[in-house]
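Fold and contact review
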Amino acid sequence: MTCFEAAAADPRRVRRPQFHQNPAMSLLPILELPHPRLRNVAGTLDADRIATPGFQRLLDDMFETMYVAPGIGLAATQVDVHDRFMVIDVSENRDQPLVFINPVIHRRTEQLREHQEGCLSIPGIYADVTRADGIQVEALDRHGKPFVLEVDDLLATCIQHEIDHLDGKLFIDHLSPLKRDRALKKYEKLRKGRD
Ligand SMILES: [Zn+2]
């Protein structure tokens with residue numbers, strides 16, 4: 001059982017890589033349900049933007065925001081940027097940052113896997129979601145270099161979850177109407193409790 005974007009729920013477990021100690025970085029606000037822009041479909045990122053200081057800074061800020069949250073993935077949509085890219089780190093030591101720009105899933109295994117997922121945009125809600133166990137994904141890295149990855153298990157689940165965000169989808173969309181309803185009611189209650 002794995003809590004998804006909240007996998008590193010115990011802050012003592014979070015060891016942050018060196019480059020995250022740059023004081024120039026800042027935390028970005030994360031859109032939370034029911035924010036309507038979580039349903040935006042992100043557009044292809046213009047590759048000319050990748051090398052710009054503003055975009056590189058945004059990636060650093062997204063990693064910082066994800067590590068502090070703490071989460072294992074963050075899609076641009078969640079920080080109110082509607083271009084297709086996301087940052088992920090599913091490593092135990094939080095030292096394997098991955099950037100996916102304009103990601104495309106080419107293949108999915110028939111074999112499925114269930115993970116307990118959560119989402120930084122729906123804090124406090126967790127549910128089992130079934131997705132392809134393995135995927136082949138193609139994307140650009142943070143330097144604009146294309147790469148292809150074949151991955152399975154948690155990383156495959158995380159990539160599918162984050163690409164869903166870029167398509168305006170949330171993990172609760174994968175639940176049965178009954179379970180989704182229950183999750184939304186619980187979320188409403190949690191939100192009221194926080195106000
Ligand atoms: Zn999410």
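In this report, we go over the structure that sits alongside the text. This one's a predicted model, so the numbers in the text were calculated from it and none came from an experiment.

Regarding its fold elements, the protein presents 3 helices and 7 strands. A buried classification covers 32% of the 195 residues belonging to the protein. Within the protein, residue pairs in contact and separated by at least 24 positions form 69% of the contacts whose partners lie at least 6 positions apart.

Moving on, we get to helix α2 (residues 153-166). Taking 1.5 Å as the rise per residue, α2 with 14 residues should run 20 Å; its terminal C-alpha atoms sit 21 Å apart, in good agreement. Where burial is concerned, most of α2 is hidden: 11 out of the 14 residues are buried. At the C-terminal side of α2, Gly168 shows a positive phi close to 80°.

Here the focus is the environment of Val137. As for its placement among the helices and strands, Val137 is situated in strand β6 (residues 134-140). Spatially, the C-alpha atom of Val137 lies 8.4 Å from that of Phe147, the residues being 10 residues apart in sequence. Setting aside residues up to four positions removed in sequence, Val137 forms contacts with Pro103, Val104, Ile105, Leu149 and Ile159.

The omega torsion across Leu33 and Pro34 is 10°, close enough to zero to call that bond cis. Counting through the fold element by element, Pro34 comes out in the segment before α1 (53-68). Despite not being glycine, Arg94 has its phi angle at roughly 55°, a positive value. You can see Arg94 is positioned in the loop between β2 (85-88) and β3 (98-108). The backbone of Asn102 shows a phi angle near 50°, a positive value even though the residue is not glycine.

What follows deals with the environment of Lys186. In this structure, Lys186 sits in helix α3 (residues 177-194). Accessibility expressed as a C-beta count within 10 Å gives 14 for Lys186, which makes it partly exposed. For the pair Lys186 and Ile125, spaced 61 residues apart in the sequence, the C-alpha separation amounts to 7.6 Å.

This part takes up the nonpolar core. Core analysis: the largest hydrophobic core is formed by 38 residues, its most contacted members being Leu74, Met86, Val87, Ile88, Phe100 and Ile159. Contributing elements (two or more residues each) for this core: α1, β1 (73-75), β2, β3, β5 (127-132), β6 and α2.

This paragraph deals with the sheet that holds β6. Taken together, the 5 strands give an open sheet; going across it, the order is β1-β2-β3-β6-β7, and neighbouring strands pair in antiparallel fashion. Edge positions in the sheet fall to β1 and β7 (146-152), since each of these pairs with one other strand and no more. Each strand axis lies, on average, 40° off the axis of its neighbour in the sheet, ignoring direction. As paired elements, β6 and β7 share 7 bridges and run antiparallel to each other. Within the sheet, the bridge partner assigned to Ile135 lies in β7 and is Val151. Sheet contacts for α2: β1, β2, β3, β6 and β7; angle to β1, the most-contacted strand, approximately 20°.

Attention now moves to α1. For α1, built from 16 residues, the straight-helix expectation of 22 Å at 1.5 Å per residue is met to within 8% by its first-to-last C-alpha distance of 22 Å. All of the buried residues in α1 are Met62, Phe63, Glu64, Thr65, Met66 and Tyr67. Where α1 is buried, its residues contact β1 and β2.

Here we take up the pairing of β2. The alternating pattern of β2 places Phe85 and Val87 on one face and Met86 and Ile88 on the opposite face, and all of these are buried. Bridge analysis of β1 against β2 gives 3 bridges, and the strand direction is antiparallel. The partner of Gly73 across the bridge, within β2, is Ile88. Bridge count between β2 and β3: 4 bridges; the pairing is antiparallel. The partner of Met86 across the bridge, within β3, is Phe100.

Reading guide: rules and limits
- Residues numbered from 1 in each chain as written.
- Predicted model: local features only at pLDDT ≥ 70, side-chain atom pairs only at ≥ 80, totals over all residues.
- Helix = DSSP H or I, 4+ residues; strand = E, 2+ residues; numbered from the N terminus.
- Buried ≥ 20, exposed ≤ 12 C-beta atoms within 10 Å, placed from the backbone.
- Contact = placed C-beta atoms within 7 Å.
- Expected span 1.5 Å × (residues − 1).
- Core = buried A, V, L, I, M, F, W, Y, C linked by C-beta atoms within 7 Å.
- Pairing = 2+ DSSP bridges.
- Axes fitted to C-alpha atoms, helices over the stretch in contact; angles between N-to-C directions.

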